[in-house]
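# Commentary on secondary and tertiary structure
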Amino acid sequence: MNIPPSSSNTVSPSAAFFVKINSEGKPLFVNEALQTFLTKNSISFSNIITTNESTFRYVIDSCLNIPGQTLSVRLDSKPPGIPVTITSWSFTSLLEHDTTYIYGFGSIETEIVGEKHGSENDVDKNASDRLNQVLESISDGFFTVDKNFTILYWNHRAEEIFRIHREKILGKNLWQVYEGSIPQNFQTAFQNAFQLNSPVQFQEFFPLLNTWFEVSAYPYDNLLSVFFKDISRKKKNDDEVANFNERLKLVAKATKDVIWDWDLVTDEVVWNENVVTMFGYTSQEVNSNDDWWYINLHDEDRNAVKNSIETHVARKEVNWQIDYRFRCADGGFKYIHDRGFAVYDQNKRPIRMIGAMQDHTETKANEFILKELNNSLEKRAKELADSNDELERFAYVTSHDLQEPLRMVSSFLQLLKKRYSDKLDGKAHEYIGFAVDGAERMKTLILDLLEYSRVNTNKSASEEVDLNSLMSPLVLTYKQLLEEKGGKILCDNLPVIRGNKTQLFQLFQNLVGNGLKYNTSSAPKIKITVTELEHDYRFVFEDNGIGIDPKYFKKIFVIFQRLHHKNEFSGTGIGLAICKKIVDKHGGKIWVESEPEKGSSFYFLLPK
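We now turn to the structure provided with this report.

Here is what the cut-offs are and how they apply
- Counting starts from 1 at the beginning of each chain's written sequence and moves along it residue by residue.
- Side-chain atom pairs in this predicted model are given and counted only at pLDDT of 80 or more, local residue features only at pLDDT of at least 70, and totals for whole chains, interfaces and linings cover all residues.
- Side-chain calculation: all heavy atoms of the structure are included, whereas hydrogens and water are not.
- For Phe, Tyr and Trp, rings pair up if their centres lie within 6.5 Å, where Trp contributes its six-membered ring, and each pair is then called stacked (planes under 30 degrees apart), edge-to-face (over 60) or tilted (otherwise).
- Whether a charge sits over a ring depends on NZ of Lys or CZ of Arg being within 6 Å of the ring centre and within 35 degrees of the ring normal.
- Grid points spaced at 1 Å and placed over the protein atoms alone form the basis of the search, with a cavity being a set where a 1.4 Å probe fits but cannot get out and a pocket an open set showing protein on both sides within 12 Å along at least five of seven lines. Lining residues have an atom within 4 Å of a point.
- Grid points are joined across faces, edges and corners, and a volume is the space filled by probe spheres set on the points.
- A run of H or I in DSSP counts as a helix once it spans at least four residues, and a run of E counts as a strand once it spans at least two, with each numbered from the N terminus.
- Following the grouping adopted for this structure description, the nonpolar residues are Ala, Val, Leu, Ile, Met, Phe, Trp, Tyr, Cys and Pro, the charged ones are Asp, Glu, Lys and Arg, and the polar ones are all others, Gly among them.
- Helices are assigned an expected span. That span is 1.5 Å times one less than the residue count.
- Note on classification: 1.4 Å probe, protein chains only; a residue is buried when its accessible area is under 20% of the maximum for its type, exposed when over 50%, partly exposed between these limits.
- Counted as a polar contact is a pair of N or O atoms within 3.5 Å, where, for protein atoms, one must be capable of donating a hydrogen and the other of accepting one, and residues adjacent in sequence contribute only when both atoms are in side chains.
- Comment: axis = line fitted to C-alpha atoms, over the contacting stretch for helices; angle = value between 0 and 180 degrees taken between N-to-C directions.
- Handedness of a crossing follows from how the near helix is turned relative to the far one, being left-handed for an anticlockwise turn of less than a right angle and right-handed for a clockwise one.
- Residue contacts follow a heavy-atom distance rule, with two residues in contact if any of their heavy atoms lie within 4.5 Å.
- We define the nonpolar core as a collection of buried residues of types Ala, Val, Leu, Ile, Met, Phe, Trp, Tyr and Cys that are connected through side-chain atoms lying within 4.5 Å of one another.
- We define a salt bridge as a contact between a side-chain nitrogen of Lys or Arg and a carboxyl oxygen of Asp or Glu at a distance within 4 Å.
- Strands were regarded as paired on the criterion that DSSP finds at least two bridges between them.

Moving on, we get to the packing of aromatic side chains. Taken as a whole, this structure holds 36 aromatic pairs when the rule is applied. One Lys or Arg, K20, reaches over the ring of Y101 and ends 4.4 Å from the middle of that ring. Sitting above the plane of the W591 ring, K589 keeps its charged end 5.6 Å from the centroid.

Let us look at empty space enclosed by the protein. Scanning all chains against the criterion turns up 3 cavities of 30 Å³ or more. Quantified by volume, the largest cavity comes out at close to 120 Å³. Forming the boundary of the largest cavity are 13 residues, of which F143, F162, F186, F190 and F206 lie nearest the centre. Elements with a contribution of two residues or more to the lining of the largest cavity: helix 8 (184–196), strand 9 (211–220) and strand 10 (223–230). Classifying every residue of the lining of the largest cavity by side-chain character gives 13 nonpolar, no polar and no charged. Within this model, the second largest cavity holds a volume of roughly 80 Å³. The wall of the second largest cavity is formed by Y58, D61, S62, N65, D140, Q201, E214, S216, Y218, F227, F228 and K229. At the level of secondary structure, the elements contributing two or more residues to the lining of the second largest cavity comprise helix 3 (53–65), strand 9 and strand 10.

A few words now on helix 18 (residues 501–517). Along its 17 residues, helix 18 runs 24 Å from first to last C-alpha, staying within 8% of the 24 Å computed at 1.5 Å per residue. Extensive coverage of helix 18 is indicated by the burial of 12 of its 17 residues. Between the side-chain oxygen of the N-cap and the backbone nitrogen of T502 there are 3.1 Å, and the N-cap of helix 18 in question is N500.

Before going further, it helps to examine the packing of helix 18 against helix 19 (residues 575–585). One can describe the packing of helix 18 onto helix 19 by two numbers: an axis separation of 9 Å at closest approach and a directional angle of 145 degrees. When the axes of helix 18 and helix 19 are compared, the crossing they make is left-handed. Contacts between helix 18 and helix 19 involve Q503, Q506, L507, N510, L511 and N514 from the former and G575, L576, I578, C579, I582, V583 and K585 from the latter. By residue class, the composition of the contact of helix 18 with helix 19 is 7 nonpolar, 5 polar and 1 charged.

It is characteristic of soluble globular proteins that their nonpolar side chains tend to be buried jointly. Counting 36 residues, the largest nonpolar core has L467, F508, V512, F602 and F604 as its most contacted members. In this structure L467 touches L494, P495, I497, L504, F508 and F539, once residues within four positions along its chain are discounted.

Here we come to the pattern of salt bridges. Per the counting criterion, the structure on display carries 17 salt bridges. Taking the shortest distance from any N to any O, the salt bridge between R325 and E300 comes out at 3.1 Å. A residue pair is termed long-range when its members are at least 10 positions apart, and R325 in strand 13 (residues 319–327) and E300 in the loop between helix 12 (292–295) and helix 13 (302–314) qualify at 25 residues. Look at the salt bridges and you will find they share partners, linking E300, D301 and R325 into a network.

Once that is clear, we can look at the pairing of strand 7 (residues 151–154). With 3 bridges connecting them, strand 6 (residues 141–146) and strand 7 associate as antiparallel partners. Following the sheet pairing, V145 is matched in strand 7 by I151. The antiparallel hairpin formed by strand 6 and strand 7 contains 4 residues in its connecting segment, where F149 sits at a positive phi of about 60 degrees.

To continue, consider the pairing of strand 15 (residues 350–359). Summarising burial for strand 15: 7 of the 10 residues are buried, a large majority. The antiparallel hairpin formed by strand 14 (residues 333–344) and strand 15 contains 5 residues in its connecting segment, where K348 sits at a positive phi of about 65 degrees.

Here we take up the sheet that holds strand 17 (residues 488–491). What links the strands of a sheet is backbone hydrogen bonding, and the strands pair in either a parallel or an antiparallel sense. The 5 strands are arranged 17-19-20-22-21 in an open sheet whose pairing can be described as mixed. Two strands in the sheet have a free side with no partner beyond their single neighbour: strand 17 and strand 21 (589–594). In this sheet, neighbouring strand axes are inclined to one another by 15 degrees on average, regardless of whether the strands run parallel or antiparallel. For strand 19 (residues 525–532) and strand 20 (residues 536–543), the ladder comprises 7 bridges, and the chain directions are antiparallel. The partner of K527 across the bridge, within strand 20, is E542. Contacts between helix 18 and the sheet are confined to strand 17, strand 19, strand 20 and strand 22 (600–607), with strand 22 contributing the most and set at about 170 degrees to the helix. Sheet strands in contact with helix 19 are strand 21 and strand 22, and its direction is about 135 degrees off that of strand 21.

Structure, rendered in structure tokens:
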């Protein structure tokens, strides 16, 4: 490396050194402070690398194998004929434009000058002591063997991993100490390192310790320096990741979803084959552009999606999901529901996200159609409600106004009969009778229609109603009929509910009246019972009357629907329709169970 001359030939012991190195260990840049130090001592950084070759190779390999890791070491500079200088360094690796570089930050720790501080032997001893301090402080196991594989050095971490103290192993043959226990790959790799005079790296399982090791061995001067670390946990994690990836591939084949795997460290994304099917792009279009996914987000959704992911990662959250629109190859957009799972390392740094994109376009279209349909139904319901209100007002006004001319018709018929009775023959009297009877039935019909219209027009406030208080006036209403027929009304203790008291009395009155009217028994009986449910009260009005054919169960609750001729039973067919309307208005439900000649049971629910 060509280094420009320095403007100064002195360097402060506290000066900060900086060097940039490629993966092969070649220095690419040194800062001014380091340049001054090198110039002063007439050396290059390559000289320092050569002097500390074994340690430096270990630093390079470790930084490359574990990106972002920081290693602290001491390096000696001892060119021939000059003092020994100890420098302290921290090395780390960073990725730049897909290339990994190693950055070193250092400073002078001490200078040992031979003439002033002792002999060259003292200098060597001090340097050796410092090297031992480094080897004893590193987190990796380390040992040194000669060509006969006699163990010359065994650091503290090696003692911990192999559970054997250095005094019991130094000077002994490695293969004899662990005879039959060390896998053949160790011996083969170490022999190759000596024969080829080249570093070796490998991973191997050590059965004796039930441990996976990552081993790096560096030959020099007929010695072999071996660094090893326990990677059992990493191996287990790698196996789990491999199994997970295999399962992920199987899942990807079994689903129509687009499965994605995003490496947050390298910013690389792997897509399954469904990405081509779902969006119509070719594999080359998807994989050749790192921004393919981002640029095809809908313009109105892009920032929201970006902010969502950034917030998710900043909060260290695991599960992520969002809906957005995504551009297809044909220019159209699909509605996507995207879900992801974030993975963090032990330092809580995000390293990976895995997720699945689901096509919700059809669902969104159905939601839009359903929304339009609901809007249409709401509009129609309002129109019907308005129409019903108008009809009820019309019915009320019409029936009210009809009563006056009807009274006039009835009165003049009665007057005609009275004044000209002696002048009319039998047929005339019969016709007048038909007319009067028709007028009376018309009057009854009008009054019933008024009652029906009043159910919704009654604006009386809702109140707490003790239903027991309705029974006395109810029994009084039918007292004469009960005495004539020998009938009776049996009733449970009734609850207190919230409702319109007048309408509730009308409901009870109509049901009891029907039970007595449509009854040919010699002793009519009406039984009223109530059951408390979770949210409602269930009432039953049971009679022993003529019963109802099941095919008419719905018809009887429709206005003006009669099952019998007026000569059999009086009425207009409006009583049960009023009952249904009252129950509906109170948020309940009414129905009947019956068989001909076996009586009827009218059920209805009223909210608590």
